[in-house]
Amino acid sequence: MYPKSFEYLRAKSVDQALQYLKENEGSRVIAGGQSLVPMLKSRLYQPTVLVDINFIPELREVKLESNGDLRIGAMVTHYDVIENSIIRENAPILSSTAENIADVQIRNRGTIGGSICEADPSADYLPTLMALDARVVLKTSESTREVKVEDFIQGPFETVVEDGEMLVEVMVPSNKSNYRVEKYARRKADFAIASVAAIVSLSKDGKVTDARVATGAQQDKPHRLREIETALKGKPSKSVDLESIIGPATEELEPLDDLHGGPEYRKYVLRGMLSRILGDLLSGKEAR
Amino acid sequence: MVTVNLKINGKQYSEETEPRMLLVHFIRDVLKLKGTHIGCDTGHCGACTILWDGKPVKSCQILAVQAEGANIMTVEGLEPEEGKLSIEQESFRENFAQQCGYCTPGFLMMTRYLIRNNEEMTREEIREKLHGNYCMCTGYQQIVDAVQDAQRKYFATKK
């Protein structure tokens, strides 16, 4: 299968990429291409101009800021998210999330920035980044803005990126608390039928000091389950009745209906995952 | 047309290509290296797996123009010398790890990478790491045997 013809522009710097995007209406950025190339082949997307950002070394950097934020370049691959010691040490949930993505080959080529911009409702990173309160840095040739990942994703395959704008970095606050990140799929490399990212901190006397729970593959976009978070915070972990929280908190969800699973099935799987994962975290079981 | 300069199996190539040409088509149809196969053409099956700077990637998911300056190895590059099989090829042959053989180039490239970049792998780990490669004939048992065997042979050369 061949994509439709397009003009190819190879950017050597962020400034050059932004210039290309500004000058060419209908242009699109290609990052790792692990989702975009199949879309080009099936002609779901037919951009007139592709701006390749694979040849920009600064987009592959990972830095730890003095305030504890991780600054992760858009072109950092899933392989690097797994292997990079700065990420693994300061946001281990993110490294664990990358381990769930697709397969070895695709993890070597696919990037965190590309995955976020694709905004697939079942994407692996999004629930985790939402639970971490991560932000993305968007640039045009004139301006820079930061947007929370939660606000960045508008719907299925829809983001707030405007013409001439490009995601250059992901800002991830350090978080070393106990966590679980899981996805359920028929085959491991498939997109999730349900996914959960959860971070729970307990005080010495067993009270829940922080709880963040996010889910993907349910609705048109991944989201935080704030009703659950609120119900857990401040409670002694031993006296939490999870079933009475999870049931009502997921009642209003209207999960996706596609070839991977129907709405009732997705909700059923999600409830089971939440109950097991939160049960583990509340009893203080360390991540595997 | 765009000129692509890249190295494959140690040999430097410089060829013109349309930007929309996939790397796998470039390797097969322009450079005439027919060992790399096209299976599903959707990024699932892994028959087109090549090593790019030593790491496996799927060449049907990459544009040829993106391979500018790349150092690539295809299945033709496995043979240590003309007519002599590599450890991976030898292990696949001895363990009957292929039937129709269509997926084999992809599995061989994965094997080359996995046995060199992992401690001794269990059968479960091998299966997990081969999720991106499909074989419709063997049921995978003999492939896992071959990978284990190849890793043992590789470690033996290191002693």
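Some thoughts on the interface of chain B and chain A
Accessible area lost when the parts come together is the quantity often used to give the size of an interface.
Item 1. Each partner contributes residues to the interface: chain B has 32 residues there, and chain A has 30 residues.
Item 2. Summing both sides of the interface, chain B and chain A together bury roughly 2700 Å²; the carbon and sulfur share of this comes to 56%.
Item 3. Looking only at chain B, the three residues that lose the most surface to chain A are Arg20, Gln61 and Gln66 of chain B, adding up to 27% of its buried area.
Item 4. The tally of links between chain B and chain A comes to two salt bridges.
Item 5. Linking chain B with chain A are eleven residue pairs in polar contact (both at pLDDT 80 or more), by the criterion used here.
Item 6. At the level of secondary structure, the elements contributing two or more residues to the side of chain B that touches chain A comprise β3 (49-52), β4 (55-58), α3 (104-117) and α4 (123-129) of chain B.
Item 7. It is β4 of chain B that contributes the most residues to the side of chain B that touches chain A, four residues altogether.
Item 8. For the side of chain B that touches chain A, a count of residues per class yields 14 nonpolar, ten polar and eight charged.

Here's the deal with the pattern of salt bridges
Residue and element names in this part refer to chain A.
Item 1. Taken as a whole, this structure holds 30 salt bridges over all chains when the rule is applied.
Item 2. Here Arg71 makes a salt bridge to Glu169, at a shortest N to O gap of 2.6 Å. Of this pair, Arg71 sits in strand β5 (residues 69-73) while Glu169 sits in strand β10 (residues 166-173), and the two are 98 residues apart along the sequence.
Item 3. Between Asp258 and Arg266 there is a salt bridge whose closest N-O contact spans 2.6 Å.
Item 4. The exposure class of Asp258 is partly exposed, given its relative accessible area of 33%.
Item 5. Judged by relative accessible area, Arg266 falls into the buried class, the value being 0%.
Item 6. Counted as one network, the salt bridges with shared partners bring together Asp133, Asp210, Arg212, Arg224 and Glu229.

Considerations on the domain arrangement of chain B
Residues and elements named next belong to chain B.
Item 1. Its domain assignment divides chain B into domain 1 (2-77) and domain 2 (87-158).
Item 2. Between domain 1 and domain 2, the C-alpha centre-to-centre distance is 22 Å.
Item 3. On the surface where domain 1 and domain 2 come into contact, there are zero salt bridges.
Item 4. Elements supplying a minimum of two residues to the side of domain 1 that touches domain 2: β3 and β4.
Item 5. Classifying every residue of the side of domain 1 that touches domain 2 by side-chain character gives eight nonpolar, eight polar and two charged.

What about the sheet that holds strand β2 (residues 11-17) of chain B?
Residues and elements named next belong to chain B.
Item 1. Spatial strand order, β2-β1-β5-β3-β4: five strands in an open sheet with mixed pairing. Only two strands of the sheet have a single partner each, and these edge strands are β2 and β4. Across the sheet, the mean angle separating the axes of adjacent strands is 40 degrees when strand polarity is ignored.
Item 2. Helix-sheet contacts for helix α1 (residues 23-30) involve β1 (2-8), β2, β3 and β5 (71-73), and the interaxial angle to β1 is about 80 degrees.
Item 3. Contacts from α3 reach β3, β4 and β5, with the element oriented near 35 degrees to β3.

Re the pairing of strand β3 (residues 49-52) of chain A
Residue and element names in this part refer to chain A.
Item 1. Here β3 shows no split at all, with Val49 and Val51 on one side and Leu50 and Asp52 on the other all buried.
Item 2. Alignment of strand β1 (residues 7-10) against β3, held across four bridges, turns out to be parallel. The residue bridging Arg10 from the neighbouring strand is Asp52, located in β3.
Item 3. Where strand β2 (residues 27-30) lies against β3, four bridges are found, and the strand directions are parallel. Looking across to β3, one finds that Arg28 is bridged to Leu50.
Item 4. For the segment spanning β2, helix α2 (residues 36-41) and β3, crossover handedness is right-handed.

Cut-offs applied
Residues numbered from 1 in each chain as written. Chains lettered and ligands numbered in written order. Predicted model: local features only at pLDDT ≥ 70, side-chain atom pairs only at ≥ 80, totals over all residues. Heavy atoms only, no water. Contact = heavy atoms within 4.5 Å. Buried area = accessible area lost by both parts, 1.4 Å probe. Salt bridge = Lys/Arg side-chain N within 4 Å of Asp/Glu carboxyl O. Polar contact = N/O pair within 3.5 Å; in protein donor to acceptor, adjacent residues only side chain to side chain. Helix = DSSP H or I, 4+ residues; strand = E, 2+ residues; numbered from the N terminus. Nonpolar A, V, L, I, M, F, W, Y, C, P; charged D, E, K, R; others polar. Buried < 20%, exposed > 50% of the residue type's maximum accessible area, 1.4 Å probe, protein only. Domains from an automatic or database assignment. Pairing = 2+ DSSP bridges. Axes fitted to C-alpha atoms, helices over the stretch in contact; angles between N-to-C directions. Right-handed = clockwise from strand over helix to strand, strands pointing away.

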